[in-house]
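Chain residues, written in single-letter form:
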Amino acid sequence: MKRITRPHPRPWASRRLVCLGFAGGGTVGFRPWARQLPVDVELRALCYPGRELRYGEEISDGWQGLVTDCADAVANEVRGPYVLYGHSMGALVAYEVARTLQARGADGPESLVLSGHIAPQHWTGARSAALAGAPDAELSAWLKATGGAPEAVLANPDLRAMAVDLLRMDLAAYATYRYEPGERLRAGIHLLVGEAESSPLHDDWSELTEGPWSMAVLPGGHFFTSKVWNSLPRYMPVFGAHDLAGSVS
């Protein structure tokens, strides 16, 4: 079973950028990035259960089941050097996938690029738990307010209902995450944060790696501005990005 898509195959690529989505999201939002990457980097996007090519599946065994599923997908379907990218819930998934692969002695990522999430030591899951139990109308409004689903999806009753169901399933797993201290990652961590939600709670990602660490504050909020989001690979320092607007440490 294939769980990782290749929107623009580059069989000659020497590296891969493997993307993990936010709660309720799929792989579609990453596909436009494929042609923006350096010519020797191929974009791949991991599909969570319940959507796209995995329609009808459910997340089994909660949060740990999701992490194991994603770690198995990366281990089985990615060869050669790669970078893991995750946004929001996907940032925690990417981090825990890297920890899992490192503990297995498997080939882990060269680096992690993470965005839209505080350091896991500070995550309580309270907000996600509340949203997971909220009425459909509230979840739909949340998707619209955060930009978590396209307007065309939210305007269609059937597609909106599907998006809400996926979001609820993801949030139920996400809410149960609790950070467990352990071995620091050998891979570096590079964090991207929207200036509207930047806080000291992001800084402690630096404690979780023995490798390089950087943080950049970019225009916008949780999903940055649309201009920044649509060209986010250019802000990823692992691909030789230009100097960023905001602060870099």
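Residues numbered from 1 in each chain as written. Predicted model: local features only at pLDDT ≥ 70, side-chain atom pairs only at ≥ 80, totals over all residues. Heavy atoms only, no water.

**As for the overall build of the protein**
Here is the rule: Numbering of helices and strands runs from the N terminus, with a helix taken as a DSSP run of H or I at least four residues long and a strand as a DSSP run of E at least two residues long. The reference for a compact globule is 2.2 Å times residues^0.38; the radius of gyration itself is calculated from the C-alpha atoms. A simple rule labels every residue: compare its accessible area, found with a 1.4 Å probe on the protein chains alone, to the largest value its type can have, and call it buried under 20%, exposed over 50%, or partly exposed in between. The accessible surface values rely on the Shrake-Rupley method and a 1.4 Å probe; as for residues, cover is taken only from the protein chains in view. We treat Lys and Arg as the positive residues and Asp and Glu as the negative residues; His and chain ends play no part in the count. Each charge is placed at NZ for Lys, CZ for Arg, CG for Asp and CD for Glu.
Along its length, the protein carries 7 helices and 7 strands. In the protein, the succession of helices and strands from N to C terminus is β-β-β-α-β-α-β-α-α-α-α-β-β-α. For a compact globule of 249 residues, the expected C-alpha radius of gyration is about 18 Å, and the protein comes in at 17 Å, within 12% of that figure. For the protein, buried positions account for 52% of its 249 residues. In the form shown here, the protein has an accessible surface area of approximately 10,900 Å², with 53% of it arising from carbon and sulfur atoms. On the protein, the mean spot of the 23 positive side-chain charges and the mean spot of the 27 negative ones are 6 Å from each other.

**Looking at the pattern of salt bridges**
We count it as follows: We count a salt bridge whenever a side-chain nitrogen from Lys or Arg sits within 4 Å of a carboxyl oxygen from Asp or Glu.
On inspection of all chains with the given rule, the structure shows 13 salt bridges. The partner of Arg51 in a salt bridge is Asp170, and the shortest N-O contact between them spans 2.8 Å. Here Arg51, found in the loop between β3 (41-46) and α1 (62-77), pairs with Asp170, found in helix α6 (residues 157-174); they are 119 residues apart in sequence, far enough to count as distant. Of the two residues examined, Arg51 and Asp170, each falls in the buried class. Its salt-bridge partner being Arg104, residue Asp72 comes within 2.8 Å of it at the nearest N-O pair. You can see Asp72 sitting in helix α1 and its partner Arg104 sitting in helix α2 (residues 89-104), a full 32 residues away along the chain. Via salt bridges that share partners, Arg3, Arg54, Glu57, Asp69 and Glu77 belong to a single interconnected network.

**Topic: α6**
For clarity, the threshold we go by: Multiplying 1.5 Å by the residue count of a helix minus one yields the expected span of that helix. Any two residues whose heavy atoms approach within 4.5 Å are treated as being in contact.
With 18 residues, α6 ought to run about 26 Å at 1.5 Å a step, and its terminal C-alpha atoms sit 25 Å apart, in line with that. Buried within α6 we find Ala163, Val164, Leu166, Leu167, Asp170, Leu171, Ala173 and Tyr174. Where α6 is buried, its residues touch α1, α2, α3 (126-132), α4 (136-146) and α5 (151-155).

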